[in-house]
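# Working through the structure, step by step
Each chain, written out:
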Amino acid sequence: MKATFRQKLERLAFRLEEVDALLSSAEIVRDRDAFRRISRERAEIEPTVTTFAAYRKIEAGLKEAESLREDPDMRELAEAEITAAEEKIAVLERELQRALLPRDPDDARNVLLEIRAGTGGDESALFAADLFRMYNRFAERARWQVEILSANASELGGYKEIICRVVGADVYGRLKFESGAHRVQRVPETETQGRIHTSACTVAVMPEADEIAEVQLNPAELRIDTFRASGAGGQHINKTDSAVRVTHLPTGIVAECQDGRSQHQNKASALKVLATRIRDTQTREKQAKEAATRKSLVGSGDRSERIRTYNFPQGRVTDHRVNLTLYKLSAIMDGDLEEIIHTLAAEEQMAQLAALAES
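Residues numbered from 1 in each chain as written. Predicted model: local features only at pLDDT ≥ 70, side-chain atom pairs only at ≥ 80, totals over all residues. Heavy atoms only, no water.

### Description of the nonpolar core
Quick reminder of the rule: Buried Ala, Val, Leu, Ile, Met, Phe, Trp, Tyr and Cys residues form a nonpolar core when they are joined through side-chain atoms within 4.5 Å. When a residue's accessible area, from a 1.4 Å probe over protein chains only, is under 20% of the maximum for its type it is buried; when over 50% it is exposed; and in between it is partly exposed. Each helix corresponds to a stretch of at least 4 residues labelled H or I by DSSP, and each strand to a stretch of at least 2 residues labelled E; elements are numbered beginning at the N terminus. Contact between two residues is taken to exist if any of their heavy atoms lie within 4.5 Å; hydrogens are not considered.
Counting residues in each nonpolar core, the largest one holds 38 residues, and the members touching the most others are Ile-115, Leu-131, Tyr-135 and Tyr-310. Sort the elements by how many residues they give to this core and helix α5 (residues 121-141) lands first, with 9 residues. With residues up to four places along the chain from it excluded, the contact list for Tyr-135 reads Leu-113, Ile-115, Leu-175, Glu-178, His-182, Val-203, Arg-308 and Leu-337. Among the nonpolar cores identified, the runner-up in size contains 17 residues, and Leu-149, Val-215, Ala-255 and Val-273 belong to it.

Structure representation (structure tokens):
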């Protein structure tokens, strides 16, 4: 193992001891935000430190076996132990190299998932509903929680726009490659001639700000409007101005929510969406300015970038970033996204390993 790798791993082991001490301190326990942040850091580094401990244990066994080589009675046994230890060390070293790759600090965060109908009119809105169901089913498989914050329904039962919050373990890390334009090719239900139509939706996956305070929101820079919620919802929604729209005046970023039971609940949700959108914008601007920012082969996550095509007549899904084509469209639309997500993550990891080797 290279000395630089070992030094990084030893620093991580020392940091784990520091983190454990912090988590047991009364001051950190009282500070909810700090406790959450440090707990997240521990969850990220503990598996690597555990693997490094196993590596060092096998390394020590290897040195002991090598010392027995000179003993004629122990040579055969020592050679077998050396061979086995070297194989295990090679496997663990590859694991540790992957563990030392730059990790997106947002991977463990919850996300705001936004799906918007694009070109294609009603058919695009129907496909937006299909995409929401796909992600909702995937979330169920992952034991995540999905909370709809805002939904603008179309006349035929689709969504012109739907925004939801997804809560769980490593949500952003697994969904971050979904941002972009999703294209669908199929015969719409309203098509009498049987012609295949092409339409599209855009998906945005944004890591959620831990707290609104994480993004500095000056009340003087916010315009808050209330209005009557639209669509189904009963007499309560029809009679009160419960829906809330918040506009961040310096940037023009807008967030609105109307699915809550009260104006107070909708305002809180809208502020959460606004803070997350502002944070997402700031992050993207920072990445665009930094020449050394990690760039993945699987795409930039730009909303306008066409990332995937769902071809219903042929029953196939193609991810254009990694040239992956799967002929199991029904399963994928039912939330079976594991193969796609694993391939995208592996491609990113290969690019990072190649960059690490070059450096």
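So much for the structure itself; the text now carries on.
### Considering the side chain of Asp-106
So the rule is basically this: Whenever two N or O atoms come within 3.5 Å, that pair is a polar contact, provided that in protein one can donate a hydrogen and the other can accept it, and provided that, for residues adjacent in sequence, both atoms are side-chain atoms.
Mapped onto the secondary structure, Asp-106 falls in the loop between α4 (75-99) and β1 (111-117). Taking relative accessible area as the criterion, Asp-106 reaches 8% and is therefore assigned buried. A polar contact of 2.8 Å, which involves the side chain of Asp-106, links it to the side chain of Arg-109. A polar contact is formed between the side chain of Asp-106 and the side chain of Arg-279, at a distance of 2.8 Å. Setting aside residues up to four positions removed in sequence, Asp-106 forms contacts with Tyr-172, Pro-207 and Arg-279.

### Some remarks on the confidence of the model for the protein
The condition is simple: The pLDDT value expresses, per residue, how confident the predictor is, ranging between 0 and 100.
Looking at the protein as a whole, the pLDDT averages 85, with 89% of positions reaching at least 70. A low-confidence stretch, residues 232-239 (pLDDT under 50), is modelled with 6 contacts involving residues beyond four sequence positions or located in other chains. Every residue in residues 290-297 scores below 50 in pLDDT, and together they form 11 contacts with partners more than four places removed in sequence or on other chains.

### Describing the environment of Ser-154
Topologically, Ser-154 is positioned in the loop between β2 (145-153) and β3 (159-167). With 29 residues separating them along the chain, Ser-154 and Ala-125 place their C-alpha atoms 6.5 Å apart. Beyond its immediate sequence surroundings of up to four residues, Ser-154 is in contact with Ala-125, Tyr-159 and Lys-160.

### Observations concerning the pairing of strand β8 (residues 253-257)
Consecutive side chains of a regular strand alternate in pointing toward one face of the sheet and then the other. In plain terms, the rule: Whether two strands pair comes down to DSSP finding at least two bridges between them.
Residue alternation in β8 divides its side chains into a buried set, Ile-253, Ala-255 and Cys-257, and an unburied set, Val-254 and Glu-256. Pairing between strand β7 (residues 243-248) and β8: 5 bridges, direction antiparallel. Directly across from Arg-245, in β8, lies its bridge partner Glu-256.

### Regarding the sheet that holds β2
The cut-off we apply is this: Between the N-to-C directions of two axes lies an angle of 0 to 180 degrees, each axis being a line fitted to C-alpha atoms and, for a helix, fitted only over the stretch in contact.
With mixed pairing, the 8 strands of this open sheet are ordered in space as β2-β3-β1-β5-β4-β9-β10-β11. Two strands bound the open sheet, and with one partner strand each, they are β2 and β11 (324-326). Averaged over all pairs of adjacent strands, the angle between their axes in this sheet comes to 15°, without regard to strand direction.

### Here's the deal with the packing of aromatic side chains
Convention followed: Under the pairing criterion, centres of Phe, Tyr and Trp rings, with the six-membered ring standing for Trp, must be within 6.5 Å; the plane angle then separates stacked pairs below 30 degrees from edge-to-face pairs above 60, leaving the rest tilted. For a ring to carry a charge above it, either NZ of a lysine or CZ of an arginine must fall within 6 Å of the ring centroid while also lying within 35 degrees of the normal to the ring plane.
Enumeration over the complete set of coordinates arrives at 4 aromatic pairs. When the centroid spacing of 5.3 Å and the interplanar angle of 65° are considered together, the rings of Phe-127 and Tyr-310 count as edge-to-face. Linking Phe-127 in helix α5 with Tyr-310 in strand β9 (residues 306-311), this pair joins segments that are 183 residues apart in sequence. Across from the ring centre of Phe-312, 4.8 Å away, lies the NZ or CZ of Arg-186, which sits over that ring. The positively charged end of Arg-245 is found above the aromatic ring belonging to Phe-227, 4.4 Å away from the centroid.

### Observations regarding the pattern of salt bridges
Selection rule: Salt bridges are defined as contacts in which a side-chain nitrogen from Lys or Arg sits within 4 Å of a carboxyl oxygen from Asp or Glu.
Scanning the model with the defined rule gives 28 salt bridges in all. Among the salt bridges present, the one from Arg-165 reaches Glu-147, with a minimum N-O distance of 3.7 Å. Separated by 18 residues along the polypeptide, Arg-165 in strand β3 and Glu-147 in strand β2 bring together distant segments of the chain. Looking at Arg-165, the relative accessible area reads 22%, which means it is partly exposed. Using a relative accessible area of 34% as the deciding quantity, one classes Glu-147 as partly exposed. A salt bridge links Asp-336 to Lys-328; the nearest nitrogen and oxygen atoms lie 3.5 Å apart. Taking relative accessible area as the criterion, Lys-328 reaches 26% and is therefore assigned partly exposed.

### Focus: the sheet that holds β8
If you trace the 3 strands from one edge of the open sheet to the other, you get β6-β7-β8, paired in antiparallel fashion. Because the sheet does not close on itself, it has two edges, and the strands there are β6 (222-227) and β8. Taking each pair of neighbouring strands and ignoring which way they run, the sheet shows an average axis angle of 15°.

### Digging into the pairing of strand β5 (residues 197-207)
Most of β5 sits inside the fold, with 8 of its 11 residues counted as buried. Pairing of β1 with β5, which is carried by 7 bridges, proceeds in the antiparallel orientation. The residue of β5 that forms the bridge with Arg-116 is Thr-202. The pairing of strand β4 (residues 180-186) with β5 spans 7 bridges and is antiparallel. By the bridge assignment for β5, Gln-185 is matched with Thr-198.

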